[in-house]
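Listed below are the residues making up each chain.
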Amino acid sequence: MTTTLPATARPGLSTRARVSVSHGFPAMLSLVALLVILGIAVANQPGILSVSGLTLMLMSAVPLVFAAQAQMLIMSVGDIDLGIGALIGLVTVIAATLLTESPILGVGMLVAIVLVYALLGLIVQKRGVPSIIITLGMSFVWIGLGLQILPTPGGATPEWLAALGRWRPDAIPAPLVFIVAATVIGWYLARQSRIGTRMRALGSSAPTLQKAGWSLAGTRIVTYVLAATLIIVSGLLLASQTRSGDINSASNFTLMTIAAVILGGGNFSGGRALPIGATLGAVTLGLITVLLSVMSLSSSLQSAAQGIIVLAVLAGRVITERFTR
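Residues numbered from 1 in each chain as written. Predicted model: local features only at pLDDT ≥ 70, side-chain atom pairs only at ≥ 80, totals over all residues. Heavy atoms only, no water.

Participant: Would you mind showing me how to read the overall build of the protein here?
Facilitator: Helices and strands together make up the secondary structure of the protein, namely 15 helices and zero strands. Per-residue burial for the protein yields a buried fraction of 50% across its 325 residues. Expressed as a percentage of contacts within the protein between residues at least 6 apart in sequence, the contacts between residues at least 24 apart total 79%. A total accessible area of about 15000 Å² is found for the protein, and carbon and sulfur atoms account for 68% of it. (Helix = DSSP H or I, 4+ residues; strand = E, 2+ residues; numbered from the N terminus. Buried < 20%, exposed > 50% of the residue type's maximum accessible area, 1.4 Å probe, protein only. Contact = heavy atoms within 4.5 Å. Areas by Shrake-Rupley, 256 points an atom, 1.4 Å probe, with all protein chains shown as cover.)

Participant: Teacher, can you tell me more about the pattern of salt bridges here?
Facilitator: When their charged atoms lie close together, side chains carrying opposite charge are able to pair. Scanning all chains against the criterion turns up two salt bridges. A salt bridge links R220 to D79; the nearest nitrogen and oxygen atoms lie 2.6 Å apart. Taken as a pair, R220 in helix α12 (residues 216-242) and D79 in the loop between α3 (61-76) and α4 (84-96) lie far apart in primary sequence, 141 residues in all. Residue R220 shares its accessibility class with D79, and that shared class is buried. (Salt bridge = Lys/Arg side-chain N within 4 Å of Asp/Glu carboxyl O.)

Participant: Sorry if this is basic, but what is going on with unusual backbone geometry here?
Facilitator: With glycine set apart, most residues show a phi of negative sign, and most peptide bonds adopt trans. Even without glycine at this site, R243 takes up a positive phi of about 60°. Structurally, the position occupied by R243 is in the loop between α12 and α13 (253-263).

Participant: Would you mind showing me how to read α12 here?
Facilitator: Between its first and last C-alpha, α12 extends 39 Å over 27 residues, near the 39 Å set by a 1.5 Å rise per residue. Regarding α12, its N-cap is S215, as a side-chain oxygen of that residue lies 3.5 Å from the backbone nitrogen of A217 further along. R243, located one to two residues past α12, shows a positive phi value of around 60°. (Expected span 1.5 Å × (residues − 1). Polar contact = N/O pair within 3.5 Å; in protein donor to acceptor, adjacent residues only side chain to side chain.)

Participant: Teacher, can you tell me more about the packing of helix α9 (residues 174-192) against helix α10 (residues 194-204) here?
Facilitator: Axis angle and axis distance: for two packed helices, these are the angle between their axes and the distance between the axes, and together they describe the pair. Closest axis-to-axis distance for the α9/α10 pair is 5 Å, and the angle between their directions is 65°. Taken together, α9 and α10 sit at an angle that is classed as roughly perpendicular. Two secondary-structure elements touch here, α9 through L189, A190, R191 and Q192 and α10 through R194, I195, G196, T197 and R200. Looking at the contact of α9 with α10, its residues break down into three nonpolar, three polar and three charged. (Axes fitted to C-alpha atoms, helices over the stretch in contact; angles between N-to-C directions. Parallel < 35°, antiparallel > 145°, perpendicular 65-115°, else oblique. Nonpolar A, V, L, I, M, F, W, Y, C, P; charged D, E, K, R; others polar.)

Participant: What should I look at first to understand the packing of α4 against α13 in this one?
Facilitator: Contact geometry for α4 and α13: axes closest at 6 Å, N-to-C directions at 125°. Compared by their axis directions, α4 and α13 come out oblique. Where α4 abuts α13, its residues I84, G85 and I88 lie against F253, T254 and T257. A breakdown of the residues in the contact of α4 with α13 according to their chemical character gives three nonpolar, three polar and no charged.

Participant: It is not clear to me how the confidence of the model for the protein should be interpreted in this structure. Could you clarify?
Facilitator: Do not read the predicted coordinates in detail wherever pLDDT is low. Overall, the predicted model of the protein reaches an average pLDDT of 87, with 87% of residues at or above 70. A low-confidence stretch, residues 7-11 (pLDDT under 50), is modelled with two contacts involving residues beyond four sequence positions or located in other chains. (pLDDT = per-residue confidence, 0-100.)

Participant: I'm lost on a nonpolar patch on the surface in this one. Help?
Facilitator: Residues W167, I172, L176, V177, V180, V184, W187 and Y188 make up a contiguous nonpolar surface patch of about 690 Å² in total accessible area. Among the structural elements, V177 can be located in helix α9. Taking the relative accessible area as the measure of exposure, V177 reaches 31% and is therefore partly exposed. (Patch = residues over 30% accessible without salt bridge, like charges linked within 9 Å, V, L, I, M, F, W, Y side chains within 5 Å.)

Participant: Would you explain α3 in this entry?
Facilitator: One turn of an α-helix holds 3.6 residues; hence residues three or four places apart share an orientation. Between its first and last C-alpha atoms α3 spans 22 Å; for 16 residues at 1.5 Å apiece the expected length is 22 Å, and the two agree. α3 sits mainly inside the fold: 16 of its 16 residues count as buried.

Participant: I tried to follow the packing of aromatic side chains on my own but got confused; where do I start?
Facilitator: How two aromatic rings sit relative to each other is set out by the distance from centre to centre and by the angle between their planes. Scanning all chains against the criterion turns up two aromatic pairs. Between Y117 and Y224 the ring centres are 6.2 Å apart and the planes differ by 45°, which places this aromatic pair in the tilted class. Here Y117, found in helix α6 (residues 103-127), pairs with Y224, found in helix α12; they are 107 residues apart in sequence, far enough to count as distant. Of the two residues, Y117 and Y224, neither departs from the other in class, the shared state being buried. Taking the centre distance of 5.9 Å and the plane angle of 85° together, the rings of W167 and F178 count as edge-to-face. Highlighted residues: W167 in the loop between α8 (159-166) and α9 and F178 in helix α9, separated in sequence by 11 residues. The buried category is assigned to F178, whose relative accessible area is 17%. (Phe/Tyr/Trp six-rings, centres within 6.5 Å; stacked < 30°, edge-to-face > 60°.)

Participant: Teacher, can you tell me more about the nonpolar core here?
Facilitator: Core analysis: the biggest nonpolar cluster contains 89 residues, and L87, I88, I113, Y117, W142 and L285 have the highest contact counts within it. Apart from residues no more than four positions distant in its own chain, L285 is found in contact with L64, M256, A259, A260, L263, Q306 and V310. (Core = buried A, V, L, I, M, F, W, Y, C linked by side-chain atoms within 4.5 Å.)

Participant: Before we go on, may I ask you to explain the environment of L122 in this structure?
Facilitator: Following the sequence through the fold, L122 ends up in helix α6. Exposure remark for L122: the relative accessible area of 32% places this residue in the partly exposed category. Sequence separation between L122 and Y224 is 102 residues; the distance between their C-alpha atoms is 9.2 Å. Every residue in contact with L122, bar those within four places of it in the chain, is listed here: R127, A217 and I221.

Printed below as a string of C-alpha cells:
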C-alpha cells in the first residue's frame, strides 16, 4: 500500500521567488549563450537564417538532446551514466546491421538493452554499487559488442530509418520538431508524471520516499528503463542521419550530456530535473561545435574554445546562484 508524500508548509512568496530564480537562471544563461552563438554564426554565414540553414545547424544537436534527457533522468536520482556514448554507438551499429538484415533480432537486442538497464538500476539500489562504476564497466561491454557486430564503420540503415533522417518539412526546420518532442517527453516524465515526482524524491530524500510506501528499487529501475529508451531513440536518430553504424560515433556524448544537464540547472546530488534547461544546454553545446567550424577555427583549438565557453556559462551560473540564495 502506498501513500502520498507528506505535505510540507507552503513556502512564502519571497522564498518561492528565490527558488524560481535560482532554478531558472541556469536555463536562462544557456539560452543567452545559445543566442549569442547563433548571432555570431549568422554574422559569419547569413544564410543560416533559413529553414535549410537552421536544419543543417541544428541537425547534430537532435541525438544529443535525447541523450541529455536520458542523462537528466539518471542524474535526478543522484546517479551518473558513463556509458551513454558507447551505448548510442552500439545502437547505431544495431540499426545499420541487425535491423536491416534481421529486424526481429535487432528489435530483440534493443529490448535486451532496456532489460539490462533495469538490472543495472536494481544492482545500484540493492547492492550499493556506484552508478559511475557499473555504467563505466558496461561501456566496455557495449563497445565490445559493437566491434563484434561491426568491426569497422559501415553498414546501412533500414529504409524507414533513412527516410526519417531525410524528412524535411517546408515550413519548419525538421531538427526543431525532434528537439521540441524530446523536451516535451522529458518534461512530462520528470515534471508532470507520478514517477517523475518519485525520481526527484529518490534523489533528494530517499528515506521520505520510503516512508511514504514507495519502492526505492522500483523507482530506480523505472528511471533506468526510461533513460535506456531515450538513449535508444538517440542512437536511432543518429543512425538515421549518418545512415550507417559506428561504435565510436557518439564517443563524446557521455561528457557532453553531463555538461548539458549541469549547464541547464541540474546537479550531481540528484533531486532536480529541468528538461528545458537540459535541452538548452545540449543545443548550446551542439551549436558551439558548428560555430567553431563556421569560423574555420583549427581543430587543435576547437576543444579548448569549447571548454572555455562551457566554463564561462558555468561561472555565470555559480555567480547568479550565489546572489539568489
